[in-house]
Amino acid sequence: MRTREKIDASQLDIKDTVVSINRVTKVVKGGKNLSFSALVVVGDGHGVVGYGVGKAKEVPSAIKKGIEAAKKNLIRVPLKGTTVPHPVLGRFGAGRVLLKPAPDGTGIIAGAAVRAVVESAGVSNVMTKSLGTANPHNVVRAAFTALQQLKDPVMVARLRGKGLEEMLGAASA
């Protein structure tokens, strides 16, 4: 299991994206209490990304809480240029997200929830497929598990005690 490094959000230029806003109700003795739930993704566009959920009586307050939660949940994503280093499948609940590297000029081929995650992470060429549920919460969390599974080719080569050229040569042969 990889250890998660602590990323300081105050030193990064972070942009936020609201993925979904949901009106939720709680039935109480006197009727229904309305509130809003906001799913927010934040990132610096250079390999740091996070997500959070906020709930409040008003939409702006819910978004603000979601942003604060997302800044506490940041991860660093290893990138290979403008794409992901290798194909990966992330799972969460009934949601599965497949991320595949793409050549320059492809763009982001993704649905709304996954697009917000990969754009915030700074990936500009990737092919994705969302399998299973269309629930934005599960899709975003599945995309995050996929991003957490990504490995930097230089680190893998170092762990195996080989040179990067030696590993890349073996992969193409």
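Here, every reference points to the structure presented above.
Calculation criteria
Within any chain, residue numbers begin from 1 and follow the written order of that chain's sequence. Only residues with pLDDT of 70 or above have their local features reported here, since the model is predicted, and side-chain atom pairs are shown and tallied only from 80 upward, although totals for entire chains, interfaces and linings are computed over all residues. Side-chain measures were taken over the full set of non-hydrogen atoms in the model, leaving aside hydrogen atoms and water. Two strands form a pair only when DSSP identifies at least two bridges running between them. Each helix is a run of DSSP H or I of at least 4 residues and each strand a run of E of at least 2, with the numbering of both proceeding from the N terminus. Here, two residues are considered to be in contact whenever any of their heavy atoms come within 4.5 Å of each other. For helices, the fitted axis covers only the stretch in contact; all axes are lines through C-alpha atoms, and the angles between them, taken along N-to-C directions, range from 0 to 180 degrees. Any residue under 20% of the maximum accessible area for its type is buried, any over 50% is exposed, and the rest in between are partly exposed; the area is computed with a 1.4 Å probe on protein chains only. Relative orientations are named as follows: roughly parallel for angles under 35 degrees, roughly antiparallel for angles over 145 degrees, roughly perpendicular for angles from 65 to 115 degrees, and oblique for any other angle. Note: crossing handedness is left-handed where the near helix turns anticlockwise from the far helix by less than a right angle, and right-handed where it turns clockwise. Basically, the charged four are Asp, Glu, Lys and Arg, the nonpolar ten are Ala, Val, Leu, Ile, Met, Phe, Trp, Tyr, Cys and Pro, and anything else, Gly included, counts as polar.

**Some details on the sheet that holds strand 5 (residues 88-92)**
Reading across the sheet, the four strands line up as 5-6-8-7 and stay open at both edges, with mixed pairing between neighbours. Two strands close off the open sheet at either side, each with one partner strand: strand 5 and strand 7 (108-109). Looking at chain direction, strand 6 (residues 95-101) and strand 8 (residues 126-132) are connected through seven bridges and run antiparallel. Counterpart to Leu98 in the pairing with strand 8 is Lys129. Helix 3 (residues 136-149) contacts strand 5, strand 6 and strand 8 of the sheet and is inclined by roughly 135° relative to strand 5.

**What to know about the pairing of strand 3 (residues 48-56)**
Most of strand 3 is tucked away, with seven of its nine residues classed as buried. Here eight bridges tie strand 2 (residues 31-43) to strand 3, and the two strands are oriented antiparallel to one another. Bridge assignment links Val41 to a residue of strand 3, and that residue is Tyr51. Sheet topology note: the strand 3/strand 4 (residues 74-76) ladder contains three bridges and is antiparallel. Each residue of the ladder has a partner; that of Gly50, found in strand 4, is Leu74.

**Concerning the pairing of strand 8**
Pairing between strand 7 and strand 8: two bridges, direction parallel. Counted as the bridge partner of Ile109 is Met127 from strand 8.

**Overview of the sheet that holds strand 3**
Taken together, the four strands give an open sheet; going across it, the order is 1-2-3-4, and neighbouring strands pair in antiparallel fashion. Two strands lie at the open edges of the sheet, namely strand 1 (15-28) and strand 4, each paired on one side alone. Neighbour-to-neighbour, the strand axes of this sheet turn through a mean angle of 15°, independent of strand direction. Against the sheet, helix 1 (residues 59-71) touches strand 1, strand 2, strand 3 and strand 4, its axis set at about 145° to strand 3. Here helix 3 sits on the sheet in contact with strand 1, strand 2, strand 3 and strand 4, set at roughly 155° to strand 3.

**Some remarks on the packing of helix 2 (residues 112-121) against helix 3**
Viewed as axis vectors pointing N to C, helix 2 and helix 3 meet at an angle of 40°, and their least axial separation amounts to 9 Å. In this view, helix 2 runs oblique relative to helix 3, as classed from their interaxial angle. Between helix 2 and helix 3 lies a crossing of right-handed hand. Together, Ala113, Val114 and Val117 of helix 2 and Pro136, Val139, Val140, Ala143, Phe144 and Leu147 of helix 3 make up the contact between the two elements. For the contact of helix 2 with helix 3, the residue count by class is nine nonpolar, no polar and no charged.

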